[in-house]
Amino acid sequence: MSRVEKINEVLRAIRVNSPDVLGAVIVSIDGLPIASVAPAELDEELIAGMAAALLGSGEQISEELMGANMQQTLVRSEKGLIVLNAVSEDAVLVLLANKNAKLGLIFLEVRRAIRDLAAVI
Amino acid sequence: MSEVVIEEVGCRGCSQCVDVCPVDVFEPEMVEDHQLARVVRTEDCLGCLSCYYACPSQCVVVSDTELQAPYYRIEENIAFVERFLKTKTVSKSISDAEWDEAYSDVAMTLTSLAKAMPDIVGRGMKAVGRRSGSLAASHLPEAYEERDLEGVLKSLQNRFKYCFDFEYQVTEEGVDMDFKPCSLFQVVKDSGDEPGEAVLCQLFHDYLSGLIGAFDGGRYRSKLKEAAPNCCTVKLDNVLL
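Quick caveat, the model's predicted, so the values are computed rather than measured.

Take the overall build of chain B next. Scanning chain B for helices and strands turns up ten helices and eight strands. Counting all 241 residues of chain B, 40% fall into the buried class. Taking the contacts inside chain B whose residues are at least 6 apart along the sequence as the reference set, 52% of them involve residues at least 24 apart.

With that out of the way, let us pick up the nonpolar core. Residue and element names in this part refer to chain B. Of all hydrophobic cores here, the largest spans 37 residues; its most connected members are L156, M177, F179 and L211. Mapped onto this core, the elements with two or more residues apiece are α5 (96–121), α6 (125–136), α8 (149–159), β5 (166–170), β6 (174–179), α9 (184–190), α10 (199–216) and β8 (232–238). No other element matches α10, which puts nine residues into this core. Leaving out residues up to four positions away in the same chain, M177 has contacts with L153, F166, E167, Y168, L208, I212, C232, T233, V234 and L236.

Looking now at the interface of chain B and chain A. Opposite the 15 residues of chain B that make contact, chain A presents 18 residues. Roughly 1,300 Å² of surface becomes buried between chain B and chain A when both sides are summed, with 48% attributable to carbon and sulfur atoms. For the chain B face of the interface with chain A, the top three residues by lost area are R123, R130 and R219 of chain B, together amounting to 46%. Here chain B is connected to chain A by five salt bridges. Salt-bridge contacts for R123 of chain B lead to E89 of chain A; the nearest nitrogen and oxygen are separated by 3.9 Å. Counting across the chain B and chain A interface gives ten residue pairs in polar contact (both at pLDDT 80 or more). Put simply, the parts of the chain that give the side of chain B that touches chain A at least two residues each are α5, α6 and β7 (220–227) of chain B. Among the residues forming the side of chain B that touches chain A, the class breakdown is six nonpolar, two polar and seven charged.

Once that is clear, we can look at a negative patch on the surface. Residue and element names in this part refer to chain B. A surface patch of like charges, here negative, comprises E145, E146, D148 and E150. In this fold, E145 is placed in the loop between α7 (141–144) and α8. E145 sits in the exposed class, given a relative accessible area of 55%.

Turning to the pairing of β7 of chain B, a few remarks are in order. Looking along a regular strand, one sees the side chains alternate between the two faces of the sheet. Residues and elements named next belong to chain B. Strand direction decides the pairing type here: β7 and β8, joined by seven bridges, are antiparallel. Within the sheet, the bridge partner assigned to S222 lies in β8 and is L236. Where β7 folds back on β8, the antiparallel hairpin that results is connected by four residues.

Moving on: the packing of α5 of chain B against α10 of chain B. Residues and elements named next belong to chain B. With their axes 8 Å apart at the nearest point, α5 and α10 run at an angle of 80° to one another. It follows from the interaxial angle that α5 and α10 lie roughly perpendicular. From α5, L110, T111, A114, M117 and P118 reach across to α10, where they touch V199, L200 and L203. The residue inventory of the contact of α5 with α10, partitioned by class, reads seven nonpolar, one polar and no charged.

Along the chain, D30 of chain A turns up in the loop between β1 (21–28) and β2 (33–37). For D30 of chain A, a relative accessible area of 6% corresponds to the buried category. Within polar-contact distance, the side chain of D30 of chain A engages the side chain of S28 of chain A at 2.4 Å. If near-sequence neighbours (up to four positions away) are discounted, D30 of chain A is found in contact with K126, A127, R130 and R221 of chain B.

About the criteria used
Residues numbered from 1 in each chain as written. Chains lettered and ligands numbered in written order. Predicted model: local features only at pLDDT ≥ 70, side-chain atom pairs only at ≥ 80, totals over all residues. Heavy atoms only, no water. Helix = DSSP H or I, 4+ residues; strand = E, 2+ residues; numbered from the N terminus. Buried < 20%, exposed > 50% of the residue type's maximum accessible area, 1.4 Å probe, protein only. Contact = heavy atoms within 4.5 Å. Core = buried A, V, L, I, M, F, W, Y, C linked by side-chain atoms within 4.5 Å. Buried area = accessible area lost by both parts, 1.4 Å probe. Salt bridge = Lys/Arg side-chain N within 4 Å of Asp/Glu carboxyl O. Polar contact = N/O pair within 3.5 Å; in protein donor to acceptor, adjacent residues only side chain to side chain. Nonpolar A, V, L, I, M, F, W, Y, C, P; charged D, E, K, R; others polar. Patch = residues over 30% accessible without salt bridge, like charges linked within 9 Å, V, L, I, M, F, W, Y side chains within 5 Å. Areas by Shrake-Rupley, 256 points an atom, 1.4 Å probe, with all protein chains shown as cover. Lys, Arg positive; Asp, Glu negative; His and termini not counted. Charge placed at Lys NZ, Arg CZ, Asp CG, Glu CD. Pairing = 2+ DSSP bridges. Axes fitted to C-alpha atoms, helices over the stretch in contact; angles between N-to-C directions. Parallel < 35°, antiparallel > 145°, perpendicular 65-115°, else oblique.

Rendered as structure tokens:
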């Protein structure tokens, strides 16, 4: 199984385990999409760019205000949640969940996925 | 002499050609209940192709003209436009000292903008550079007409010859671009930064990744190969290869 197939398998598993998860995308820190299981209407290139910029901003503010490395970025909207978590030095996991999602379960799923993805990426 | 024709079937009457033409070759006209644009002074056409690029329906055809980009930087064209505008352009009337002041202000603005990027978005800066390149692609429609990377690079080489003059080499990984030098070189040098390594240069390299990727569908990563005394070699690797 190729690396991309392994990454896609991890992403698919997130959606199977948590029906409230609407999509999961892996992007590189320089804004290139790596893998995605997300609604087809999403512009992958744009999402990748925004995720990289958001992660970068999160790292900057965490360092500036707390003098510590950022671990996670959470965006909550009327329709649900977006969680950004670094997978490695070069890659970021972006997870979209609907508003019914339980935050604890989502974080658990994120941790699991990062553990599995870290072994692949 | 350039000849301009509007293919009436495609015209949606948006009047963009009327607005953009520097010498009023076009006029709007009502035909029944539809507004259309008409060519009324084809003999005045300068061949600047503004109408061709502005038309969203691509129904303006300009023939017997040579593509000159950027049109307004060529001395004889400036003189030609002046005849119609009956006034001297600002760029012709300012002194060398005023040029230097303008250059210094633009340089300061550019370097400050660039330096703010890593402060705010940190590592996400590369994505911003790449996105700006993708957005810039729509301003260079001629490069979309090329069928392969070689054609795209030739087109960009021609378009950028006055500001980012470069030679290129298509490699197994992507493309190497040699700038000789680019317009940012002096700006960066004057700001006290190291050309090639400066934030402004990095942003420009990622801009190129986004720009070329937009035309050929590749996903490029930029890397400074060499920063020589007067030029940089930028390596753009296509991660899809």
